[in-house]
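As a plain string of letters, each chain reads:
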Amino acid sequence: MELDFWHNRWQKGETGFHQTGLNPYLAYFYGEKGPEPDKRSSLKVFVPLCGKSMDMQWLSKSGYAVIGVECSPIAIKDFVKEYGVSIDEAKNDRHVKYTINGEISDGACIELVQGDFFDLTEADLEGVTDVFDRASLIALPEAIRKRYAEKMSGLLATGVRSLLVTLTYSQHEMDGPPFSVTEDEVNTLYGDNFKIEKILAKDILSNEQKFQELGLTSLIETVYKLTRL
Ligand SMILES: C[S@@+](CC[C@H](N)C(=O)[O-])C[C@H]1O[C@@H](n2cnc3c(N)ncnc32)[C@H](O)[C@@H]1O
């Protein structure tokens, strides 16, 4: 799936993937069940393919440093506008990096990197301890998921934890995105470089009218904890 596809989606306002509320798994595993608030300042959460996710705002206000990467300048502009803050801007040959300072946002620092995830380097992600992958891996078709997982393995240091949320359904019932990603595929993509723990799986179709209307007969949401080996 080319970046033009996503640029067009943002230009046309076709952003049905955007959640207005906080992701419940993030709230649970990084809030209630997460590290104590005084331990969070040493943690930095990477949000790949971040869109204008308000999860980043919550992470920052909860004391975590955040770095997101997103190809669409519209998404970044919207995030900044909705967050109501001003930002610093710096360019290199690959990306434009926006920084929302802690003092301004009343939370920990948020860095938004506008550009292609596949152009990131390990140096760009220095200090990252955690990853939140919601609607990112599953936004990509199969061949690009393989590249994405390989790139992610190369970017992350040993010990980095990742909270990965996937959807699984019969791919012949609907075209993606979001694409169906099975447990077998997660094991194939990440098994060599990550310890994989499946945390939960549940059928969410009864709460998803849009996907019922599109003809799905089952929609399993699965949450994994991956740890870079
Ligand atoms: C399905 S959306 C999910 C956004 C976000 N994770 C959320 O939960 O709202 C996928 C996002 O990835 C962005 N994207 C797709 N491919 C990308 C790439 N190679 N580099 C950076 N961003 C990308 C798209 O513009 C889009 O905003």
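Note that the coordinates shown come from a computational prediction; the quantities given were computed from them, not determined experimentally. (Residues numbered from 1 in each chain as written. Predicted model: local features only at pLDDT ≥ 70, side-chain atom pairs only at ≥ 80, totals over all residues. Heavy atoms only, no water.)

Just give me the short version of the overall build of the protein, but keep the residues and values in it.
Secondary structure summary: the protein contains eight helices and nine strands in total. Computed over C-alpha atoms, the radius of gyration of the protein comes to 17 Å, within 12% of the 17 Å expected from 2.2 N^0.38 for 229 residues, which places it in the range of a compact globule. When the backbone C-alpha atoms are referred to their principal axes, the protein occupies close to 50 × 40 × 35 Å. Relative to its 229 residues, the protein shows a buried fraction of 50%. (Helix = DSSP H or I, 4+ residues; strand = E, 2+ residues; numbered from the N terminus. Rg over C-alpha atoms; globule rule 2.2 N^0.38 Å. Buried < 20%, exposed > 50% of the residue type's maximum accessible area, 1.4 Å probe, protein only.)

Any details on the nonpolar core? Residues and values, ideally.
Counting residues in each nonpolar core, the largest one holds 36 residues, and the members touching the most others are Phe-46, Phe-117 and Tyr-190. Where this core is concerned, the elements lending two or more residues are strand E2 (65–70), helix H6 (142–155), strand E7 (161–168), helix H7 (183–190) and strand E9 (220–228). In terms of residue count, the dominant contributor to this core is H6 (five residues). Taken domain by domain, the makeup of this core includes at least three residues from each of domain 1 (1–14 + 23–118) and domain 2 (135–229). Leave out the neighbours within four places in its chain, and Tyr-190 touches Leu-137, Tyr-148, Ala-149, Leu-164, Ile-196 and Leu-226. Core analysis: the second largest hydrophobic core is formed by 26 residues, Leu-43, Ile-76, Val-96 and Val-165 among them. (Core = buried A, V, L, I, M, F, W, Y, C linked by side-chain atoms within 4.5 Å. Domains from an automatic or database assignment. Contact = heavy atoms within 4.5 Å.)

An account of the layout of surface pockets is needed here, citing residue identities and associated values.
Here the second largest pocket defines a volume of roughly 240 Å³. Together, Phe-29, Tyr-30, Lys-33, Gly-34, Pro-35, Leu-43, Asp-130, Arg-161, Ser-162, Leu-163, Ile-199 and Lys-225 line the second largest pocket. When contributions to the lining of the second largest pocket are tallied by element, the ones reaching two or more residues are helix H2 (24–32) and E7. Residue assignment places the lining of the second largest pocket across two domains, with domain 1 (1–14 + 23–118) and domain 2 (135–229) each supplying three or more. (1 Å grid on protein atoms, 1.4 Å probe; cavity = no way out; pocket = protein on both sides within 12 Å on 5 of 7 lines; lining within 4 Å. Points joined across faces, edges and corners; volume = space filled by probe spheres on them.)

Give a detailed account of the packing of aromatic side chains, specifying residues and quantitative values.
Enumeration over the complete set of coordinates arrives at nine aromatic pairs. For the pair Tyr-190 and Phe-194, a centre-to-centre distance of 5.2 Å together with 90 degrees between the ring planes defines the contact as edge-to-face. Exposure remark for Phe-194: the relative accessible area of 3% places this residue in the buried category. The structure contains a cluster of three or more aromatic residues connected by ring pairs, namely Phe-5, Trp-6, Trp-10 and Phe-17. Above the ring of Phe-118, the side-chain terminus of Arg-147 is found at 4.0 Å from the ring centroid. (Phe/Tyr/Trp six-rings, centres within 6.5 Å; stacked < 30°, edge-to-face > 60°. Lys NZ or Arg CZ within 6 Å of the ring centre and 35° of its normal.)

Any chance you could break down the sheet that holds strand E5 (residues 110–114) for me, citing the residues and the numbers?
Spatial strand order, E3-E4-E5-E2-E1-E6-E7-E9-E8: nine strands in an open sheet with mixed pairing. The open sheet has two free edges, formed respectively by strand E3 (88–91) and strand E8 (194–203), since each of these has just one partner strand. Strand-to-strand twist of the sheet, defined as the mean angle between neighbouring strand axes without regard to direction, takes the value 20 degrees. In the sheet, E3 pairs with strand E4 (residues 96–100) via four bridges, with the strands oriented antiparallel. Across the sheet, residue Asp-88 finds its bridge partner in E4, namely Thr-99. On the sheet, H2 packs against strand E1 (44–47), strand E6 (130–134), E7, E8 and E9 and is oriented at approximately 155 degrees with respect to E7. (Pairing = 2+ DSSP bridges. Axes fitted to C-alpha atoms, helices over the stretch in contact; angles between N-to-C directions.)

Before we move on, can you summarise the site of the ligand with the specific residues and values?
Taken together, the neighbourhood of the ligand is formed by 17 residues, with Leu-49, Glu-70, Asp-116, Phe-117 and Arg-134 sitting nearest. At 2.9 Å, a side-chain N or O of Trp-10 approaches an oxygen atom of the ligand. A distance of 2.8 Å separates a nitrogen atom of the ligand from a polar atom in the backbone of Leu-49. Across the complex, the protein chains shield 97% of the 600 Å² of accessible surface that the ligand would expose by itself. For the shell around the ligand, the element with the most residues is helix H1 (residues 3–12), which contributes three residues. Looking at the shell around the ligand residue by residue, the classes come out as eleven nonpolar, three polar and three charged. Per-domain counts for the shell around the ligand show at least three residues from each of domain 1 (1–14 + 23–118) and domain 2 (135–229). (Near = heavy atom within 4 Å. Polar contact = N/O pair within 3.5 Å; in protein donor to acceptor, adjacent residues only side chain to side chain. Areas by Shrake-Rupley, 256 points an atom, 1.4 Å probe, with all protein chains shown as cover. Nonpolar A, V, L, I, M, F, W, Y, C, P; charged D, E, K, R; others polar.)

Just geometry here; none of it tells us what the structure is for.
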